[in-house]
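# Descriptive analysis of the structure
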Amino acid sequence: MNTLKEIIDLCKVQSFDMDFTRAKEWKAEKEGRVLVGYMPIYFPREIIHAAGAMAVGIFGGGDRKQIIKGDAYYQSYICHIPRSIIELALDKHLDHIDGFIFPSICDVIRNLSGIFKQQKIGKFVKYMDFPQNFLPEIGGVFYQQEMEHVLQYIKEINGIEVTKEALNHSIDLYNKNRKMISFIYDIRQDFPWRMSIEEVYYIVRAGTTMPVEEHNALLEKVCEFIKEDIGVPQDKIKVIISGAFCEQPAIGLIKAIEEAGCYVVEDDYMLGSRMILGDIDATTDNPLEAISTSYINQSQYSSSIYDVHNPKEFRLAKMVKERGANGVIFASASFCDPSLLDAPIFQNAFNKLGIRYIAFQYSENINQFKVIKEQVGAFSDSIKLWEDEPVITA
Amino acid sequence: MAQEAQKERSMILQKEMIDGLFNDLANAKELGKKVCYTFIPGNLSELIRTFDMLPVYPEINALQSAMRKKSGAYIKEAEKNAHSEDVCTYVKCDVGMLMKGNVGPTGLKIPEPDILLLSYTGCFTFLKWFETLKREYPNAKVIMVHTPYQENAEMTPHMVEYMVKQLRDEVIPQMEAVTGIKFDEAKLKRHLVLAKEAEDWITKIFDTTKHRPSPIDAYFAGVYYIGPINIGFRGTQEAVDYYKELHAEIMERVRLGLGPITPEGEMKEEKYRLVVEGPPNWTSFREFWKIFYDMGAVIVASSYTKVGGVYDMGWRHDETRPLESLAEYCMNCYTNLNIPQRIALLSKCITDYEADGYITNSIKSCNSFSAGQLAMMREIEDTLEVPVGFIESDLVDPRYFSYSNIKNRLESYFQMLEQRKSMKETV
Ligand code: SF4
Ligand code: SF4
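Residues numbered from 1 in each chain as written. Chains lettered and ligands numbered in written order. Predicted model: local features only at pLDDT ≥ 70, side-chain atom pairs only at ≥ 80, totals over all residues. Heavy atoms only, no water.

Let's shift gears to the overall build of chain A. When helices and strands are counted, chain A shows 15 helices and eight strands. Reported as C-alpha extents along the three principal axes, the dimensions of chain A are approximately 65 × 50 × 45 Å. Counting over 394 residues, chain A shows a buried share of 65%. Only carbon and sulfur atoms are counted for the fraction: they give 52% of the accessible area of chain A, which is about 14,400 Å². Charge centroids of chain A, computed over 42 positive and 55 negative side chains, lie 2 Å from each other. (Helix = DSSP H or I, 4+ residues; strand = E, 2+ residues; numbered from the N terminus. Buried < 20%, exposed > 50% of the residue type's maximum accessible area, 1.4 Å probe, protein only. Areas by Shrake-Rupley, 256 points an atom, 1.4 Å probe, with all protein chains shown as cover. Lys, Arg positive; Asp, Glu negative; His and termini not counted. Charge placed at Lys NZ, Arg CZ, Asp CG, Glu CD.)

Set out below in structure tokens:
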């Protein structure tokens, strides 16, 4: 793996491997290894790692999986991802994955956990309720109990009692992982031409399908490569993508936005891998408490987290400023309630703050973006025309 | 007309209770009462009463607006303001009503909230809804009560403990601060005793559908019956009196061998007994109901009437464990049950009430109900061998109620039921 291109090519294959081949190989390498699938958005993968298991991100089949059976499970007015996840399960792509975690994000994912239970898919199915109470002694304790419940399920399979040392070691590995991903985004903030957002996407998403140690080794190399002055700058505006945190847009759409005249300098495509901002303390006597505290105090804003104490529109506005972005693209999966219900909150605030934005909807299986491309192109042109105007007025 | 003639005492009682509440709301300031907006699933009525607050239920305003044909305009107003076409129409109806002056269903203005009590049992939209309202009412205090989902078909001690801590350390002190009233546990207990009594009565009422003919329709009339217990009267003597009266009236119908009362008078012949999953459509509620009673179909149980609490499996508020029981109540509302639990509950209804069929009314804008309904329906069909029917509509968006589509579908469904019946009789 000597060139950046080789790494990106590998990550591209890994990201979209619907059979999770690398994860299954890893499991087969040693007796007692366990695979745990998790749905979007976020899950503390550290605890899975510490239990001698591997967390595998399940983000649907995108535009690579034709839906035949899944449509019989979901009405037309429900987003696309649950039907594609069910299709993956029924077509046995998820075989060998021992258990499944459904983080609390919305009613669709929540009820999908019930369908997995009903269909008896996997050795365990856990809907993971993240606390909406942010006091460590209330919500924090509850969250730790939820994590213990997950560990109990894994222990029933492999007999491993998780130790403090193992947890701290795993926390450390994921700290490194997030730090390197942050580094890539930070470099791209100033030099977005060094690597396209499509390539960044492959690199980050691949990390949800391989052991963290392997991903860290790849990231280390990527970080070295992008320190170099590679690529050619182009006349593009800088934008932030917000709202695409669960059902993933087809790769063609991710590409189309940059082709239409934008550099994407921040996004929430793979929010789960970047949810915790900064390091989690890897030196405590109570690592579960450390993970829980980090969720309470260091989470990125998200449509699935009650935000009244820290309003999301101002957090996004701050991000626009910090990333030097010219505007925001609100991209929501069709029928995605959390994303669409947040849209008026963001847009009303941005109208007042003078932050430019556009909004559109997509579906993971749609690969035609002519209209969206035109819309993004017009957005980029309008910003270039107005480039002398202050972007943020408040 | 016919209904006027048959207006029962219970109906008058209910009207007095609701009118009284809206009058009090319109005069909240003069009465010196604080106003608490909250939701039906997981409503903490007894606690709200303990602090002498007046409750406002935005869902009720939305459905009432729909029944008065006002929701379409409200929804459009919200959509003009960046609200998507594809989300819960209750939210948009409420936001639209707010933008148009917040005049409630009885024509009286709804006061601004002092508290937004966000106990969002069984649905994430509630959370987004109050995030939206908080931006409109910056002075209101948002009090969050996070109810864990019954993901593993149980309420574990750690779930109860989590909720009790929230109630004890966050909700109650914040209510004390806003109302200036000290928490009185004895008063809460008194409300819980009355809540339990009302719950006993409503369980008995919905259980009368065991009779043939069923004396009530447990969906279309059921939504009226659940009114008092869901919109803030649970825990009061008024609610107990209402349900006692209602029960007596229904038992009289049983004694006389009468079927349910419909808007066009008494249903004469009970041909089909059905269980319905999903909320009703409110914009064309009467037309929707008529399709059923014209065909002699009576609903003997529905999931929607359990949205504000599931009492038929024996769970009751318990004054000896006040906060624990409030916690369990929240966790035990229908949409907080996992899919296998929902299937088990509906299957029990089909069996206990000897239903001939099972119908899903799938609501376009409600993922909390709709996501999973198809799999539930298939399992019920397979295990109970009961004919199943499927229709689609919306809660309060008139654009998504297609009378002819629904009628056609239901007519074919009733034909199928008829054939099954005659086949059974032949055998
Ligand atoms: S795309 Fe949106 S609505 Fe669909 S499962 Fe994900 S978060 Fe829920
Ligand atoms: S999504 Fe359904 S349960 Fe949730 S607020 Fe809307 S109608 Fe009610």
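We now examine the overall build of chain B. Along chain B, the regular secondary structure elements total 18 helices and 10 strands. Against the globule reference of 22 Å for 427 residues, chain B gives a C-alpha radius of gyration of 21 Å, in line with a compact fold. Referenced to the eigenvectors of the C-alpha coordinate spread, the extents of chain B come out at roughly 70 × 50 × 45 Å. Counting all 427 residues of chain B, 63% fall into the buried class. Nonlocal contacts in chain B, meaning residues at least 24 apart in sequence, comprise 77% of its contacts between residues at least 6 apart. As displayed, chain B has an accessible area near 15,500 Å², and 51% of this comes from carbon and sulfur atoms. Measuring between centres, the 51 positive side-chain charges of chain B sit 3 Å from its 61 negative side-chain charges. (Rg over C-alpha atoms; globule rule 2.2 N^0.38 Å. Contact = heavy atoms within 4.5 Å.)

On inspection of all chains with the given rule, the structure shows nine cavities of 30 Å³ or more. In this structure, the largest cavity encloses a volume near 210 Å³. Tallied by class, the residues present in the lining of the largest cavity amount to 10 nonpolar, eight polar and five charged. Of the voids in this model, the second largest cavity is the one considered here, and its volume is about 180 Å³. As for the second largest cavity, its lining consists of 21 residues, and the residues nearest its centre are C106, D107, C336, D337 and P338 of chain A. Going through the elements one at a time, α4 (81–90), α5 (107–118) and α14 (337–353) of chain A together with α8 (125–136) of chain B are the ones with two or more residues in the lining of the second largest cavity. Partitioned by chemical class, the residues of the lining of the second largest cavity number 14 nonpolar, three polar and four charged. (1 Å grid on protein atoms, 1.4 Å probe; cavity = no way out; pocket = protein on both sides within 12 Å on 5 of 7 lines; lining within 4 Å. Points joined across faces, edges and corners; volume = space filled by probe spheres on them. Nonpolar A, V, L, I, M, F, W, Y, C, P; charged D, E, K, R; others polar.)

Residues and elements named next belong to chain A. Within the element layout of this structure, I97 appears in the loop between α4 and β3 (99–103). Of the residues examined, I97 reaches a relative accessible area of 5% and is grouped as buried. For the pair I97 and G62, spaced 35 residues apart in the sequence, the C-alpha separation amounts to 19 Å. Apart from residues lying up to four places away in sequence, I97 is in contact with F20, L35, V36, G37, V56, I58 and G122.

A word on helix α11 (residues 222–230) of chain B. Residue and element names in this part refer to chain B. Summarising burial for α11: eight of the nine residues are buried, a large majority. Of all the residues in α11, the buried ones are G222, V223, Y225, I226, G227, P228, I229 and N230. Its buried side turned inward, α11 meets α2 (9–26), α10 (185–207), α12 (237–256) and α13 (285–294). Positive backbone phi, at 105°, marks G232, one or two positions downstream of α11.

Counting residues at the interface gives 59 residues for chain B, matched by 56 residues for chain A. Contact between chain B and chain A buries roughly 4,700 Å² in total, counting both sides, with carbon and sulfur atoms accounting for 56%. On the surface where chain B and chain A come into contact, there are five salt bridges. A salt bridge links E131 of chain B to K312 of chain A; the nearest nitrogen and oxygen atoms lie 2.5 Å apart. (Buried area = accessible area lost by both parts, 1.4 Å probe. Salt bridge = Lys/Arg side-chain N within 4 Å of Asp/Glu carboxyl O.)

Residue and element names in this part refer to chain A. In the region of ligand 1, the neighbouring residues are C79, I81, I105, C106, V108, I109, C246, E247, F335, C336, D337 and P338. Of the pockets mapped on this structure, ligand 1 occupies the second largest cavity. Only α5 and α14 provide two or more residues apiece to the shell around ligand 1. (Near = heavy atom within 4 Å. Sits in = over half its atoms within 2 Å of the grid points.)

Before going further, it helps to spend a moment on the environment of D241 of chain B. Residues and elements named next belong to chain B. The residue D241 is located in helix α12 in this model. On the basis of relative accessible area, D241 is assigned to the partly exposed category, the value being 35%. Taking C-alpha positions, D241 is 8.4 Å from A198, a pair spaced 43 residues apart along the chain.

The next subject is the site of ligand 2. Residue and element names in this part refer to chain B. Close to ligand 2 lie C88, Y90, C123, T125, F126, W129, S365, C366, S368 and L395. Ranked by the residues each element gives to the shell around ligand 2, the list is headed by α8, at three residues. Each residue belonging to the shell around ligand 2 can be placed in one class, and the counts come to seven nonpolar, three polar and no charged.

Here we come to the packing of helix α1 (residues 4–15) of chain A against helix α8 (residues 197–206) of chain A. Each pair of packed helices can be summarised by the angle the axes make with each other and by the distance between the axes. All names here are of chain A. In contact at an axis separation of 8 Å, α1 and α8 are set at 60° when each is read in the N-to-C sense. By the angle between their directions, the pair α1 and α8 is classed as oblique. The handedness of the crossing between α1 and α8 comes out as left-handed. Seen from α1, the contacting residues are I8, C11, K12, Q14 and S15; seen from α8, they are E199, Y202, I203, R205 and A206. Per-class residue counts for the contact of α1 with α8 are five nonpolar, two polar and three charged. (Axes fitted to C-alpha atoms, helices over the stretch in contact; angles between N-to-C directions. Parallel < 35°, antiparallel > 145°, perpendicular 65-115°, else oblique. Left-handed = near helix turned anticlockwise from the far one by under 90°.)

Let us now look at the layout of surface pockets. All names here are of chain A. In this structure, the second largest pocket spans a volume of roughly 660 Å³. Secondary-structure elements contributing two or more residues to the lining of the second largest pocket are α7 (164–190), β5 (237–242), α11 (271–274), α13 (312–323), β7 (327–333) and α14. Per element, the largest residue contribution to the lining of the second largest pocket is six residues, and it comes from α7. Within the lining of the second largest pocket, the residues separate by chemical class into 12 nonpolar, 10 polar and 13 charged.

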